[in-house]
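Chain residues, written in single-letter form:
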Amino acid sequence: MNVNQQTHMSSTHGQSQPVFPGYHQSGYSGQPLTGGTPTQYAPYNGPVLGYQQGPAVQGYSPYSSFPAKALASDLSSSTPLDLGPVRLPPTSMAPPVSLQQPYNHSSQIDAQNGPAVVSNLHHRPLDTQTYLPGGISPGVNQQYGAQPTSTHQISNQMTGMHISSTDPSSVMPVYAPSSAHVATTSVPSSFPSHSVSHASQQRSSPHSLPTFSSATGGPPSSSQIPYSSAPLSSQTLYSAPPPPQQPSFSTAPPSSQPPYSTAPPTSQAPFSKVSPSTQPPYSAAPPTVQPPYSAAPPSSQTPYSGAPSPYSGAQPPLQPYSGPQSPYSSAPSLSQPPFSGTQPPPQFPGAPPSRLAGPPVRPPGMQGPPLPQPSLSEPLSSQANHIAPGSLQSGVGLPRGPPAAGMHNQPSQMGAHGFQPQQNGAFGQVRGPQPAYGGSYSGSQNFGAQPPPPAAPPQSRLDPDAIPSPQTTELPAVQKTRHRIDPDAIPSPIQVIEDDKANRGSEPFTTSIRGQVPPLVTTRFQVKDQGNASPRYIRCTAYNIPCTSDMAKQSQIPLAAVIKPLAQLPPDEALPYIVDHGETGPIRCNRCKAYMCPFMQFIEGGRRFQCGFCSCVSEVPPHYFQHLDHTGKRVDYCDRPELSMGTYEFLATVDYCKNNKIPQPPAFIFLIDVSYNAVKNGLVSLICEELKTLLDCLPREGPDGESCIRVGFITYNKVLHFYNVKSSLAQPQMMVVSDVADMFVPLLDGFLVNVNESRAVINSLLEQIPDMFADTRETETVFGPVIQAGLEALKAADCAGKLFIFNSTLPIAEAPGKLKNREDKKLIGTDKEKTLFQPQTSFYGSLAKDCVAQGCCVDLFLFPNQYVDVATLGVVPLQTGGSVYKYTYFQVAVDGERFLNDLRRDVQKQIGFDAVMRVRTSTGIRATDFFGAFYMSNTTDVELAGLDSHKTVTVEFRHDDKLSEESGALIQCAVLYTSCSGQRRLCVHNLSLNCCTQLAELYRNCETDCLINFFAKYAYRSVLNGTTKSVRDSLINQSAQILACYRKNCASPSSAGQLILPECLKLLPVYLNCVLKSDVLQPSADVSIDDRAYLRQLVTSMDVAESHVFFYPQLLPLQKLDVESEAIPVAIRDSEERLSKGGIYLLENGLNLFLWVGANVQQELLLNIFNTPTFGQVDPNMTNLPVLDNPYSRKLRTFIECLRVQRPRYMKLLVVKQEDKLELIFKRFLMEDKSSSGGASYADFLCHMHKEIRQLLS
Amino acid sequence: MATYQEFIQQNEERDGVRFSWNVWPSSRLEATRMVVPLSCLYTPLKERPDLPPVQYEPVLCSRTTCKAVLNPLCQVDFRAKLWTCNFCFQRNPFPPAYAGISEVNQPAELMPQFSTIEYIMQRGPQTPLIFLYVVDTCLEEEDLQALKESLQMSLSLLPPDALVGLITFGRMVQVHELSCEGISKSFVFRGTKDLSAKQIEEMLGLSKASAPAQQGRPLQPPDQTCTSRFLQPVHKIDMNLTDLLGELQRDPWPVPQGKRPLRSTGIALSIAVGLLEGTFPNTGARIMLFTGGPPTQGPGMVVGDELKTPIRSWHDIEKDNARHLKKATKYYEALANRAATNGHCVDIYACALDQTGLLEMKCCANLTGGYIVMGDSFNTSLFKQTFQRVFLKDYNGHFQMAFGGVIEVKVSRELKVSGTIGPCISLNAKGQSVSENEVGIGGTTHWKVCGLNPFTTLGIYFEVVNQHNAPVPQGGRGAIQFITQYQHSSTQKRIRVTTIARSWADAQSQLQHIEASFDQEASAVLMARLGVFRAESEEGPDVLRWLDRQLIRLCQKFGQFHKDDPSSFRLSEAFSLYPQFMFHLRRSPFLQVFNNSPDESSYYRHHFMRQDLTQSLIMIQPVLYSYSFYGPPEPVLLDSSSILPDRILLMDTFFQLVIYHGETIAQWRKAGYQDMAEYENFKQLLQAPLDDAQEILQSRFPMPRYIDTEHGGSQARFLLSKVNPSQTHNNLYSWGQETGAPILTDDVSLQVFMDHLKKLAVSSAS
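## Focus: the overall build of chain B
Each helix and strand counted, chain B has 22 helices and 30 strands in total. In terms of overall dimensions, chain B is globule-like: its C-alpha atoms have a radius of gyration of 28 Å, near the 27 Å expected for 766 residues. The dimensions of chain B, computed from C-alpha atoms along their principal axes, are 85 × 80 × 55 Å. Out of the 766 residues in chain B, the part that is buried amounts to 59%.

## A closer look at the interface of chain B and chain A
On the side of chain A, 26 residues touch chain B, which itself brings 21 residues to the contact. Buried surface at the junction of chain B and chain A, both sides included, amounts to about 2000 Å², of which 57% is carbon and sulfur. Where chain B touches chain A, the interface holds two salt bridges. Residue D742(A) pairs with R190(B) through a salt bridge whose shortest N-O separation is 3.4 Å. Where chain B touches chain A, the interface holds 12 residue pairs in polar contact (both at pLDDT 80 or more). Residue assignment for the side of chain B that touches chain A shows that the elements contributing at least two residues are β10 (172–177) and β11 (184–190) of chain B. Here the side of chain B that touches chain A takes seven residues from β11(B), the largest share from any one element. Residue composition of the side of chain B that touches chain A, by class: 11 nonpolar, five polar and five charged. Judged from the five bridges that link them, strand β14 (residues 733–737) of chain A and β11(B) form a sheet pairing that is parallel. Bridge pairing links M734(A) to K185(B) in β11(B).

## A word on the confidence of the model for chain B
Residues and elements named next belong to chain B. In the predicted model, chain B carries a mean pLDDT of 88, and 95% of its residues have values of at least 70. In the predicted structure, residues 209–226 sits below a pLDDT of 50 and forms seven contacts with residues beyond four places in sequence or in another chain. Across the whole predicted complex the pTM is 0.73, and at the interface the ipTM reaches 0.84.

## A word on empty space enclosed by the protein
Residue and element names in this part refer to chain A. For the structure shown, the criterion picks out six cavities of 30 Å³ or more. Within this model, the largest cavity holds a volume of roughly 260 Å³. In terms of lining, the largest cavity is formed by 22 residues, of which the most central are K951, L1098, S1101, E1106 and R1209. At the level of elements, α38 (875–879), β18 (884–886) and α44 (1089–1100) are the ones that each hand at least two residues to the lining of the largest cavity. Residue contributions to the lining of the largest cavity peak at three residues, all from α44. Considered class by class, the residues forming the lining of the largest cavity number 10 nonpolar, seven polar and five charged.

## Some details on the side chain of T647(A)
For T647(A), the location among the structural elements is in strand β10 (residues 647–651). Once you skip the residues sitting within four places of it in the chain, T647(A) turns out to touch D529(A), A533(A), S534(A), Y537(A), P576(A), V988(A) and H989(A).

## Quick word on the pattern of salt bridges
Residue and element names in this part refer to chain A. Going through the model one piece at a time under the given rule, you end up with 77 salt bridges over all chains. One salt bridge connects K692 with E689, and the closest N-O pair in it is separated by 3.2 Å. Separated by three residues within a single helix, K692 and E689 lie in helix α33 (residues 683–694), roughly one turn from each other. For D1086, the salt bridge identified is with R1228, shortest N-O distance 3.0 Å. In this pair, D1086 sits in the loop between α43 (1068–1077) and α44 while R1228 sits in helix α48 (residues 1222–1228), placing the two residues 142 residues apart along the sequence. Classification of R1228 by relative accessible area gives partly exposed; the value is 24%. Connected through shared salt-bridge partners, K802, D859, D906, K909, D948 and K951 make up one network.

## A look at a nonpolar patch on the surface
Together, F629(B), Y630(B) and W668(B) give the surface a local cluster of nonpolar side chains, amounting to about 340 Å² of exposed area. With relative accessibility at 39%, the residue F629(B) sits in the partly exposed group.

## Examining helix α3 (residues 141–157) of chain B
Taking 1.5 Å of rise per residue, the 17 residues of α3(B) would be expected to cover 24 Å, and the 25 Å separating its terminal C-alpha atoms lies within 8% of that figure. Residues of α3(B) that are buried: D143(B), L144(B), A146(B), L147(B), K148(B), S150(B), L151(B), S154(B) and L155(B).

## A word on the sheet that holds strand β19 (residues 441–442) of chain B
All names here are of chain B. The strand order β1-β3-β21-β17-β19 describes an open sheet built from five strands, whose pairing is antiparallel. For this open sheet the edge positions go to β1 (17–19) and β19, each flanked by a neighbour on one side alone. Here three bridges tie β1 to strand β3 (residues 39–42), and the two strands are oriented antiparallel to one another. Within β3, the residue paired with V17 across the bridge is Y42. Where helix α13 (residues 520–537) meets the sheet, it contacts β1, β3, β17 (415–421), β19 and β21 (458–464), and its direction lies at approximately 95° from that of β21.

## Concerning the packing of helix α7 (residues 265–279) of chain B against helix α9 (residues 325–341) of chain B
Residue and element names in this part refer to chain B. The interhelical angle for the contact between α7 and α9, taken along N-to-C directions, is 20°, at an axis separation of 10 Å. One way to sum up the angle between α7 and α9 is to call them roughly parallel. Like other packed secondary-structure pairs, α7 and α9 cross with a definite hand, here left-handed. Every residue of α9 that contacts α7 at T265, G266, I267, L269, S270, V273, G274 and E277 is listed here: Y331, Y332, L335, R338 and A339. Residues that form the contact of α7 with α9 fall into these classes: seven nonpolar, four polar and two charged.

## Description of unusual backbone geometry
Here F701(B) and P702(B) are connected by a cis peptide whose omega angle stands at -10°. Mapped onto the elements, P702(B) comes out in the loop between α19 (680–699) and β30 (705–710). A positive phi is found at S615(A), a non-glycine position, where the angle reads about 70°. Along the chain, S615(A) turns up in the loop between β8 (608–610) and β9 (617–619). Positioned with a positive phi, D869(A) is a non-glycine residue whose angle comes to about 60°. Looking at the secondary structure, you find D869(A) in the loop between β17 (856–862) and α37 (870–873).

## Section: helix α46 (residues 1163–1170) of chain A
Residue and element names in this part refer to chain A. All buried positions along α46 are accounted for by L1165, L1166, N1168, I1169 and F1170. Buried residues in α46, looked at end-on, bunch into an arc of 165°, giving them a common side. Taken together, the buried residues of α46 touch β26 (1144–1148), β27 (1152–1157), α47 (1191–1206) and β28 (1212–1217). Looking one or two places after α46, you find N1171, whose phi comes out positive at around 60°.

## Digging into the packing of aromatic side chains
Inspection of the entire model under this criterion finds 76 aromatic pairs over all chains. Judged by centre distance (5.9 Å) and plane angle (85°), the ring pair of F890(A) and F899(A) falls under edge-to-face. Taking the relative accessible area as the measure of exposure, F899(A) reaches 0% and is therefore buried. Taking the centre distance of 5.5 Å and the plane angle of 15° together, the rings of F94(B) and Y98(B) count as stacked. Given the relative accessible area of 9%, F94(B) is considered buried. Assessed through its relative accessible area of 11%, Y98(B) is described here as buried.

## Looking at the pairing of strand β22 (residues 953–959) of chain A
The side chains of a regular strand alternate between both faces of the sheet. Residues and elements named next belong to chain A. For β22, the buried fraction is high: six of the seven residues fall into the buried class. When strand β5 (residues 559–563) meets β22, the two strands line up antiparallel, connected through five bridges. If you follow L559 over to β22, its bridge partner there is F957. Examined bridge by bridge, strand β20 (residues 925–931) and β22 share six bridges and lie antiparallel to one another. Residue pairing across strands places R926 opposite R958, the latter belonging to β22.

## Remarks on the sheet that holds β20(A)
Residue and element names in this part refer to chain A. The strand order β3-β5-β22-β20 describes an open sheet built from four strands, whose pairing is antiparallel. A single partner strand is all that each edge strand has here, and the edge strands are β3 (538–540) and β20. Taken over all neighbouring pairs, the strand axes of this sheet differ in orientation by 25° on average, direction set aside. Here three bridges tie β3 to β5, and the two strands are oriented antiparallel to one another. In the strand pairing of β5, I538 is matched with I563. Together, β3, β5, β20 and β22 form the strand contacts of helix α41 (residues 1008–1022), whose direction differs from that of β20 by roughly 60°.

Rules used in this analysis
Residues numbered from 1 in each chain as written. Chains lettered and ligands numbered in written order. Predicted model: local features only at pLDDT ≥ 70, side-chain atom pairs only at ≥ 80, totals over all residues. Heavy atoms only, no water. Helix = DSSP H or I, 4+ residues; strand = E, 2+ residues; numbered from the N terminus. Rg over C-alpha atoms; globule rule 2.2 N^0.38 Å. Buried < 20%, exposed > 50% of the residue type's maximum accessible area, 1.4 Å probe, protein only. Contact = heavy atoms within 4.5 Å. Buried area = accessible area lost by both parts, 1.4 Å probe. Salt bridge = Lys/Arg side-chain N within 4 Å of Asp/Glu carboxyl O. Polar contact = N/O pair within 3.5 Å; in protein donor to acceptor, adjacent residues only side chain to side chain. Nonpolar A, V, L, I, M, F, W, Y, C, P; charged D, E, K, R; others polar. Pairing = 2+ DSSP bridges. pLDDT = per-residue confidence, 0-100. 1 Å grid on protein atoms, 1.4 Å probe; cavity = no way out; pocket = protein on both sides within 12 Å on 5 of 7 lines; lining within 4 Å. Points joined across faces, edges and corners; volume = space filled by probe spheres on them. Patch = residues over 30% accessible without salt bridge, like charges linked within 9 Å, V, L, I, M, F, W, Y side chains within 5 Å. Areas by Shrake-Rupley, 256 points an atom, 1.4 Å probe, with all protein chains shown as cover. Expected span 1.5 Å × (residues − 1). Axes fitted to C-alpha atoms, helices over the stretch in contact; angles between N-to-C directions. Parallel < 35°, antiparallel > 145°, perpendicular 65-115°, else oblique. Left-handed = near helix turned anticlockwise from the far one by under 90°. Arc of directions from axis to C-beta. Phe/Tyr/Trp six-rings, centres within 6.5 Å; stacked < 30°, edge-to-face > 60°.

This is the structure we're talking about:
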């Protein structure tokens, strides 16, 4: 079900395997294990809640520590056996089966080796991918589903790392290890292989293919043999086999291996020799994974100086994996080859052991950390394998095969110890499997051994191929060269997301249980409020909070909640109840003033209640008294939302109003720039035209009834024009205020009017505004006075409200808040870079303060043709709870629709005014830091002049005392605001979290997306005070500490070379890398300073879903769009390698929407979408798809609309043709790739993280 | 001395000049002993239907320090085509245009009957008249409505090519743009922030012409499009402006309980002045301020917006309790000076029951020659008709108003100019003929009067500087030339030149001549102006004492008496009325602030300082007519004894027109006899004063307050306060009660006053 959740993870993992079977059922079914597992898990899957319980009980019981492990172990134990057989059958039978088996193996291995899991994961992804390529998409999905669990835990074997350190090539492995042990070894080769795999197909693919074919032909053992043969002849053979390979690949995951084969070539000639030998092992399954990694390492190595070692480490792991599982063993062998390829080759021949020694650096590490025994055994085996390849390419190959088999056996044995754990780890690695992980890690040692399998690299290609083989074939060969770690072997966000969807999307999420980790934000699920606030309102980084600050410090996991107080709920969920307690107002705790909530304990027969937050006992007011039932609950418990719900609203009394006065209905004021630019580009007419209809859609309370919101209009250039639109006037009146130095409101009566009453006058005004300024020559504008004007108007009317400012230029006219153009790209990268994010004058800061005091929220729409200093102009919106929208080089034809949609949504969305948010917590923790668009005049109250349904506040908590496990940690977020009808209300969200004394609990209940949200906001705020480099470094450092802490305290002992990631946090590296590479922290040359400031501010108030897709864009293969069904295609990972020349992809990150058109797209598809038969005729300037009357077009357009509706901002569609100029921009969003600005690729970054962690551990 | 009276009258009719002395003492010493200074009341634009202006330019003396205009007093050498300046004795050639000059072919300016002559200047651009309405919107609804109607009406009275502008103010100040179609547009200014003229120009977008972008280009006239946004020819925007005025709303800002509306009169005026200053400097323009209350915020505020703080009274001012007085006065003076410098005049139409701050603002009108009109409400005929009368036209169909007048005084060597008292500012033209002894606005020979009408009268004071030991030759005459340049309402530039001469006389040998030439009416007014001028800056009692002393000295100088024998005191006929004028002057609202608010005092003084002699005399000593069955209406003594039961009295104080029905008449009227056919004559009797009053009401500017009252009516106080209290509750029985009505006052009566005067005059001690 929930792969992400640790607790569940274990089960899930366990399940995952089963899942695999389930998914692949056809293939898996063949396997006894799979069949068995699924059944066990099945129950778990069923009830979300049940996850913990169900799985825990069953699985855990066996394993004292972690149920998951236990399960895994059980599974693994059984599985290995099963797998063995399974594999065999599959191999013989059909490639897929074999693949699965390998996976299983891998998973098992992973479980055993904490890290192994990772490898498993990687493998899985690979597999999945391979499968995909294979052409069996469903199969792929299934695999993924299963994989995630395994993937969650990425255990890179340190051994590989070490090796890498010694050898640059090894570096590559680092990543590889996690993904596939083999990869590490093969790294160099493997990377190429990857590339090859994708692109390689030309070279390696053929080779690989043959290997695969062989693999496919025969399960692991057999595969090895074929591989061996392949290795030897690999190149030659491959060349020949290629054609057949592909098919075979498609069928068999091994295809991934083929890439390796290709990789080897890249690696070196010797390697190639070796590789062949390795390849065979690769063919097994792991190889596929490994290869990619290996491939990656080489290339990566250079970039990552440090990385190399990790890579090497990674490789080792691969080996171990290979060792553990027969399939893996093959993989490891592959991985090993790469190592050998890098350097080992000679060594290998010299002496396998020596290699170990040699790789030693790698292997030693690997071996050391991981389970020594397994590692040893594995390494040996691996070495043997490697050696074999290395020593005798051809001949060795064959031997290797056997060794591999032996390896397998050994590993499997190991598996009994470690592998099972690995599997567990894979499944539940994150949490408990740790010990098991150790085992898996031991596998890593194997990887160390793997190096020998340099041959693997050549095969490595295979992996990639396996998945994308079809695509890869299409991809340019160029790509192949760069390969490092197998990208499929490293934790895949897509996998995780899909798993979560599959596991948790079906059942409603009930909030009755404390500390429950909700489904991912990407999963659609229904929430039933049973005492805790819906995750749509509050999400936490951790649902199990350390009891003490020491623990918290040790883990370095920030405790934060992302709160979206007025979040919009899907139509199938009930809106918060509104509770009216009459004149006395809400019942509150006497001491801490917490509001009545389900956490209040009634005592003394209901006469008093004890506050859940501060434990203070307060009297129950007589009118609120109610008897208690036998369980101590009030009899009217169910009738009162404040006693039974997590979220509800109170009607506030006059005591809660500003100045103790019932507030006036709020007002919207539209302030339109009418300077030359704005008039010329048609903006003014556009706005005026739109407003005519838009004014009918002002937010209102309830569906019927008129909106109470009054509107006012101001235009401005160097001076301001107010408009009197009083209903009694025949014509609007314009009032010019030139005294911008000392702004004031020239009129009161008639400025803010009811739309319906003054409609004629307003329409007349909107008609005339464009004409009035049609001939304007004024280019200078003011800005400070514009906000002041709006503010003064609201002050004069004594109401809260919102300003919509449409501004096009930098305010250079003489006035308060005048700005100068300070754009200076030379500052980027220097200590002064931070000044670019800081406002250039303090004027707007104090203005914002005034605005907040009045409840004046400012939304800014920018239409710049040049630098407008967003950093400064955005200050007021940012501090008043407003939004900034930016449309650079605005053209009505191109951006009009986007702007209008944004405007419509912005005007119509539900909004509260004059809000004050207070977060109360149990004694023991305290809200210490707040991120978002708001203003704070003290340390506790978050003041938002405007609070709309999109605004999110991230709150960090710190310990100021101890928490107890029994009482848990409670959070109450109360927001006092004025509704759009002028009603004063209190919105209360309650959330209860668990507390833990074991770090493992913490790591099992984290949420990566939320963590990333926090990290991003934290980092984006830090750039105001430090260099981007220091910010990046501190992010990396903290993340490394988090992971290292896990490794040290939770994961089972294993090789230092293994990268072990907690299940819940296994995506942390990839997402973190996205944050680090984001334009704010690491800008590419063509990103303007304004854009960076804009994004910085934007992210500040993002919720988890937004930040998730923002940092890791969704990339959807449209060629897979099923016209018939509702389903949307499964996203693919953000990497260029995943793109097929023959495909069309949609990429969206919440702000941008790209339609990437491959150069070889089928004509039919082009006709269906663009109504043009050739690629060349696709108009790259279109912003909307042509309306065509065919099912595909309809479906696609509906789909795009759906996407747009999902996001808070309208996304303009950009059509990107392959090889087109625009593609550069598009590529910036392929987050797993290396970025042009120097951002690391996912694999490289993973290596780097691994290195960091290792440093911390040592 | 009928001859002198005729002479005086003739001179007044021809030249608009009334001298205190028509024969001048020839030495400085003697002149000072005359008590009443040598001075004159000069009405520069006195209506002269019989005087067609000449279509050429005056010939000036070529001496740069003189530049006197050729006049009938000049000696002309027709043969040499030369003329000699009678002020500096410079010999000047005639300009070429005068080549044909001869004894029989003289230009008009040389003919004696043209001692006053008007030239029309041909050069210079003609700029249309400008009327800038500055309208207070903090008015009651009816008031505003009435004002709007009056303003709309006024549009039809303006010449079609006149430029009009509109500024409204309340809490904010709005400058309305008149050029745009459709949407009405206005520039708004905060009512509390004083802005420099430059800032105002910038904010109104008027300063584009001077933008740096235009460097290098020759100076261009101000961008017509810019200025025209706010000032438009009436014929173009007649409809627009009418609509705009029609849509004028009351100031929308809520006025909390216990507060005055916030009224930014100071800023509004400042912006009006600034606007014109920037766009039409030195062009005839009227800023017409319509206000319904005191300025309550910003610079120039007179009183705070708290109703519990009453507006300053004379009592406060005496106690120095008027917080804003000095500041505001200073502010408005600065504004007035700016406006005056640019030739723009400021009118103030203040209609409110309470004070409106005229005391502070009066200088705006006083220094620029503008009007002040005070009424209770804009919704009264007093305002409506007065306002209408601003746009009265003369026999030629031109407005009876002129702009941007500069009055220059040239004097013979024996004289110097001490100063002027009237609605003008000094232009600081120093010269030989400037006396060190300043009287009124002195230190100059040039004054600027931005707004003129045919009645505008200046009191000009001279000093005889001829020394005793340098006697003037027998028959010598002193000459004075008034040169008034102004913009005629037809937009022509005109120059009116008045040259007069008076004989010198040795005061020792020819005192009787001088005595006989005394113009007691003019002297009374001139002395009154002096007194009122002093009263502006000095304590009331001091002024009264000064006036008394002057009167006593004059009586001593010219009275015939035996020392210490009051009963022997006699004054010649030429002086006989003078003490009586002084008596009434002392009781007048110009010097007495009792019972008058500071605003009222300012208002009265304003008019007193600018009206011609006749009107001024009425102000000093109101005219009382009696209507009865016993004969035709007759003027009667302004005395309580004139108040009889069977009379109807009509009193004209200039500011008020009171019809008072005696006790009996009132009873008859109440009984309705006038409606009975058989009492037709009674009806006629009742009607007679009404008709006469109507006549006065029709012609006077500003329209007087019309009061119809009767014996015992509350409004009768207007009459009772004016009449000489010859019968009071103190002496009631000694005078018999069948005649007149007793006045309840402790004021001295004329009789007592005269007794004291005689006593003091004959006293050897003084």
